[in-house]
Amino acid sequence: MRSISDIHRELGCGRNTIYPVIEAAGVEPTLEGLAKMFTDEDFQKIQEVYYRKYPNRKPKELTKEISTLFKIDSDNQNVEVVHSKERFIPVQDILEEERKIFARTHQRDAEHIEDLRKQLEGKDRIIESLLEIIKNQKEPASEPKASAIVQRTPVKFPEYDPNVDTLTK
């Protein structure tokens, strides 16, 4: 069931355009509460008359989106539908949204790649500077110097006499 608002949104026209089309299609709405609703068959007739009357307007491809909100009672193990909503979205709108998401993702990935390149360049500079330091040394740091062996003089300890009390002197 569709309201007049749903129909004119799906067809992409104004309310002033849709009322003569409904009359030309010869369909009558059914009342549901205060709303005038049309069945899917009525919508098909309205759509045919609309595109015959306005042939230059091409039909929009629509995708049906259904969203439902549930309430789950775990104690009694009951599931209750709180809110259910159906709407038709033009495929062009979905395509544009996907393109925006792709562009944001592409931009984020490009920034991430640029950051990684900067980090890599920093590491390359560090490696180059370390290699330059190693080149500038007279001898490589890994080889020990042969002439650097120095004889140490042994430490002289005072003679130890177990009979002498050094603490009381």
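The structure we're discussing is the one just above.
Positions within a chain are numbered from 1, following the residues in the order the chain's sequence is written. Residues qualify for local features only when their pLDDT is at least 70, as the model is predicted, and side-chain atom pairs are given and counted only at 80 or more; totals for whole chains, interfaces and linings, by contrast, use all residues. Water and hydrogen atoms were dropped before computing side-chain values, which therefore reflect all heavy atoms in the structure.

Explain helix H3 (residues 40-53) here, please?
Since the α-helix packs 3.6 residues into each turn, any two residues three or four apart lie on the same face. Taking 1.5 Å as the rise per residue, H3 with 14 residues should run 20 Å; its terminal C-alpha atoms sit 20 Å apart, in good agreement. Categorising residues by exposure relies on relative accessible area from a 1.4 Å probe, with only protein chains included: less than 20% of the type maximum marks a residue as buried, more than 50% marks it as exposed, and the intermediate range marks it as partly exposed. Strands are runs of DSSP state E lasting at least two residues, helices are runs of H or I lasting at least four, and both sets are numbered from the N terminus onward. Along H3, the residues that are buried comprise Asp-42, Phe-43, Ile-46, Val-49, Tyr-50 and Tyr-51. Against the buried residues of H3 lie strand E1 (2-3), helix H1 (4-11), helix H2 (15-25) and strand E3 (35-38). Given the number of residues in a helix, its expected span is that number minus one, multiplied by 1.5 Å. Residues are treated as being in contact if the distance between any of their heavy atoms lies within 4.5 Å.

For this particular structure, what's the right way to read the nonpolar core?
Grouped burial of nonpolar side chains is what soluble globular proteins tend to show. One finds Ile-7, Leu-11, Ile-18, Ile-22, Phe-38 and Ile-46 to be the most contacted residues of the largest nonpolar core, which totals 15 residues. Looking at this core, the elements that each hand over two or more residues are H1, H2 and H3. Looking at this core, the element that brings in the most residues is H3, giving five residues. If we ignore the near neighbours within four places in the chain, the residues touching Phe-38 are Met-1, Arg-2, Ile-4, Ile-7, Ile-22, Val-27, Glu-28, Pro-29 and Ile-46. In these notes, a set of buried Ala, Val, Leu, Ile, Met, Phe, Trp, Tyr and Cys residues joined through side-chain atoms within 4.5 Å is what counts as a nonpolar core.

What is the right way to read the packing of H1 against H2 from this model?
Packed helix pairs are characterised by how far apart their axes lie and by the angle those axes make with each other. For the pair H1 and H2, interaxial distance at closest approach is 10 Å and the crossing angle is 105 degrees. By the angle class used here, H1 and H2 are roughly perpendicular. Between H1 and H2, the residues in contact are Ile-4, Ser-5, Ile-7, His-8 and Leu-11 and Arg-15, Ile-18, Tyr-19 and Ile-22, respectively. For this classification, the nonpolar set comprises Ala, Val, Leu, Ile, Met, Phe, Trp, Tyr, Cys and Pro, the charged set comprises Asp, Glu, Lys and Arg, and every other residue, Gly included, is treated as polar. Grouping the amino acids of the contact of H1 with H2 by side-chain chemistry returns six nonpolar, two polar and one charged. Note on geometry: axes are lines fitted to C-alpha atoms, helical ones only across the stretch in contact, with angles between N-to-C directions running from 0 to 180 degrees. Angle categories are assigned with fixed cut-offs, so that under 35 degrees is roughly parallel, over 145 is roughly antiparallel, 65 to 115 is roughly perpendicular, and the rest are oblique.

Can you walk me through the pairing of E3 in this structure?
Along a regular strand, successive side chains alternate from one face of the sheet to the other. With two bridges connecting them, E1 and E3 associate as antiparallel partners. Residue pairing in the sheet places Arg-2 in a bridge with Phe-38 of E3. One requirement defines pairing of two strands: DSSP has to find at least two bridges between them. Inspection of the sheet shows strand E2 (residues 30-32) paired to E3 by three bridges, in the antiparallel sense. Of the residues in E3, the one forming a bridge with Glu-32 is Ala-35. Counted between consecutive antiparallel strands, the loop separating E2 from E3 contains two residues, among which Gly-33 sits at a positive phi close to 70 degrees.

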